[in-house]
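# What the coordinates show
The residues making up each chain are set out below.
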Amino acid sequence: MEATEDNDTPFPTPAPADWQKRWVDGVLATDGVNVPRAALEQIAPFIVQPKALLYSPRAHDKVERLRDDALVPVRTDAGTALAVSVKLAGYAGATWWHNERISTAFRSPVDPSDGPKPNLPAVRPWTAVTTDGQERTYSALRSEFRTLNDLLTTIERSGNELAGRDGHRPYDLREDLVLNGQMEPCMYIAQQLVLDEASIDASGDQRPSSYWAWPAVRGNNRTKARQELLGLSSAEIVTGVPMAKLGMDSVDVSTNPAYWLPKYSSKLNDEYKKARETDNHDAPAYRSRKVAVVTAHLVIGSPTPERLYRIVQSSNRRDHVHPPLEFKPNDRSRSLGRSILGAYSANGILSEDVADVLAGTQPIGRLASGPGDAPVSVQRDWRSMRLLREFFPAEEDIRRQLIRAALSEPAPSTLARPHVNRRLRAWSALTSESYPEPWNPRVADALPVALAKEGVVLSERSLQDLLTTADTDADAFEELLLYRAPHWLAAFDLIDADRGSVGAQRGDSDTDQTVDSEESLRIRRGVNNAIAAMRANQVRAVGLLRELAAAMDESDRQPMQIGESGELLDKPASRSWFNKTFPKVAGATRVSSSPPQPNTAAAPPETDTEAVKRLRRELADVLTTLEEGVKLLPTIASQMRAHARAANIAQPLSDSRAQNSALQVTALLRPLRELPEVLLGLGHPEA
């Protein structure tokens, strides 16, 4: 709400208590609403003019309810929900640690290892036992934290991570809010935050054992920037505003918004009035006047509350899949993968517990049909292979229709490399959630287009069986190379997507900022080439795969080098060692259009007609890859310059290296100029 010359009090105070209660009762009396009363009572003091949201029937036997024009339907691939559009005090809401753009800042619930990152608390539907003794699921979420300090740390970390992941926003969000106010509504959902251990405040009194919060499922950055302008933080809104910020001489906090909100608004209104009188437009109260009141959507119901988390995540997912802010590829690919899983769940293809584990919101160990308390490598492999099957279903599988709709794909027979890469990167990005650190999801681009056209067929053999027999069983070795090796190598930083293994672009040292360091082994190779090199050295490759699995099971320790006979050496494996041990294979390209499948007979010789069809596909793949590469070069150059500037590296490339790179591009121009005529000739009958 923008302050005007006639409005000396832009910062709102709570509505009278009786109107807050009438609003809560009216919300709960509305068809389709199943949000907990306690959650509504927590947000009620922030609602501006609740009376305007209610419809009061003339008939005395009918209860008040929300006005129809205040209701906002939410429709997603994962299901539907109901929200109410309200005028909200600008302080309200919280940044959300489950925001998908910052998910990689926490250790996922599906990572079975004990990694160094802080845990991302699992989120589950909010349930309660009704008066008839039945357990009922409501439209709210619940998460558990060990202590209040863990909760505060999680909220603060989410805000800090958002600051570093604001994408390539072409404007200053905070200044835009100062000048224009908040133009688009944020969406908030109720979530109860339960503490395992209660805490004591400065006066010796016990603090609450749980808190109700309304985190943002859409508009996290706006919520954070708005609260900063108003002088508060999400952690304070959720767990208590310091009395000192209310002008009181106390180290305690107020957890009741009905108490602290009028005092804080009164303080800001006084400061605003003084700023106007002195014409001080830089005063915090003056700068925040346009976000004193904002429009917001509160999620208050869903016919499938057990799927509420996926529903509200899906409502914000389009900004990740078609991002206006250029979100990071890993976060975007994870969002896309969760969209697919949400569509499966909404159509009854996946059970809720399996969908939660695959989406990364619940631990693998909680799944009755999962690997149980198996070693870390087995748990990770079970989830990754299950994701692979979900994203690349067989020809007659109903998942094909759902995944096409979720990704807006063409018919399976016309799928091209970019379509397949989107699925592969979604699989890769979600797989990496079970590991301490994410990798570039492009490492999975090595798999063939036929994977999407024909569907993936796995042997269903256990990981232990595959590793045990891989040195003598060609099928087991190939399955490990195709579907495990790229991720395992990337997880331990032995290869990297596109730029190849080891020192393709950088040295082994994480602190080495010398771009042309002599420590860097400058071998440019793709993931396919690395896999081809392993295929050519089966003994050492099998030894390395076994060692990587063992390293996972032993707290993701540094893997060791492998000797010529497959024996362990006493030196740690590194990127440079991998490139020397598995040297670049000349002429290695993408894997064949159809991946080897276990337990199948050899295919008959290819006919000339089949060869033409295959070469058509290969031509399309090569052209697509070429186009992607050309488009990628300016981006790489721009990013290199930006990172070099940040690292105070004046010259990202040496003169000789820059000249060689330019000559490589120039050398390509001549054959490229001749290619159009060659390709056009294929469209004419041969004389």
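See the structure above.
Residue numbers restart at each chain and count upward from 1, following the sequence in its written direction. Side-chain atom pairs in this predicted model are given and counted only at pLDDT of 80 or more, local residue features only at pLDDT of at least 70, and totals for whole chains, interfaces and linings cover all residues. Side-chain figures throughout are based on the complete set of non-hydrogen atoms in the structure, without hydrogens or water.

### Side note on the side chain of Ser-432
Only runs of H or I of at least four residues qualify as helices and only runs of E of at least two qualify as strands under DSSP, and these elements are numbered from the N terminus. Relative to the helices and strands, Ser-432 is located in the loop between helix H15 (417–431) and helix H16 (450–454). A simple rule labels every residue: compare its accessible area, found with a 1.4 Å probe on the protein chains alone, to the largest value its type can have, and call it buried under 20%, exposed over 50%, or partly exposed in between. In this structure Ser-432 comes out as buried when scored by relative accessible area, which is 1%. Whether two residues are in contact is decided by their heavy atoms, any of which lying within 4.5 Å being enough. Apart from the residues within four sequence positions on either side, Ser-432 is in contact with Asn-330, Arg-334, Glu-437, Pro-438 and Trp-439.

### Some details on the sheet that holds strand E7 (residues 186–188)
For two strands to count as paired, DSSP must find a minimum of two bridges between them. Strand order in this open sheet of five strands is E3-E4-E13-E7-E10, and the pairing throughout is mixed. The outermost strands of the open sheet, each flanked by one partner alone, are strand E3 (71–76) and strand E10 (216–218). Direction aside, neighbouring strands of the sheet carry axes that sit 40 degrees apart on average. As paired elements, E7 and E10 share two bridges and run antiparallel to each other. Considered in E10, the bridge of Met-187 is made with Arg-218. Fitted lines through C-alpha atoms serve as axes, helices being fitted only where they are in contact, and the angles separating the N-to-C directions of these axes extend from 0 to 180 degrees. Against the sheet, helix H5 (residues 220–229) makes contact with E7, E10 and strand E13 (293–301), and its axis sits at roughly 95 degrees relative to E7, the strand it touches most.

### Quick word on the packing of aromatic side chains
Between the rings of Phe, Tyr and Trp (Trp by its six-membered ring), a pair exists once the centres lie within 6.5 Å; its type follows the angle of the planes, with under 30 degrees stacked, over 60 edge-to-face, and the other angles tilted. In the structure shown here, the tally under the stated rule is eleven aromatic pairs. On the numbers, 5.9 Å between centres and 65 degrees between planes, the contact of Tyr-91 with Trp-260 is edge-to-face. Pair noted here: Tyr-91 is in the loop between strand E4 (79–89) and strand E5 (124–129) and Trp-260 is in helix H7 (residues 257–277), with a separation of 169 residues, a long-range link. Here Tyr-91 falls in the buried class, since its relative accessible area comes to 1%. Take Trp-260: its relative accessible area is 1%, and that puts it in the buried class. Here the aromatic rings of Tyr-272 and Tyr-286 are separated by 5.9 Å at their centres, their planes lie at 20 degrees, and the arrangement is stacked. A residue pair is termed long-range when its members are at least 10 positions apart, and Tyr-272 in helix H7 and Tyr-286 in helix H8 (residues 284–287) qualify at 14 residues. By the ring-pair criterion, three or more aromatic residues cluster together here, those being Phe-46, Tyr-91, Trp-260 and Tyr-264. We call a charge positioned above a ring when the Lys NZ or Arg CZ atom is no farther than 6 Å from the ring centre and deviates by at most 35 degrees from the ring normal. Its end group placed over the ring of Tyr-435, Arg-380 keeps NZ or CZ at 4.3 Å from the ring centre. The ring of Tyr-344 has Arg-399 sitting right over it, with the charged end atom 5.6 Å from the ring centre.

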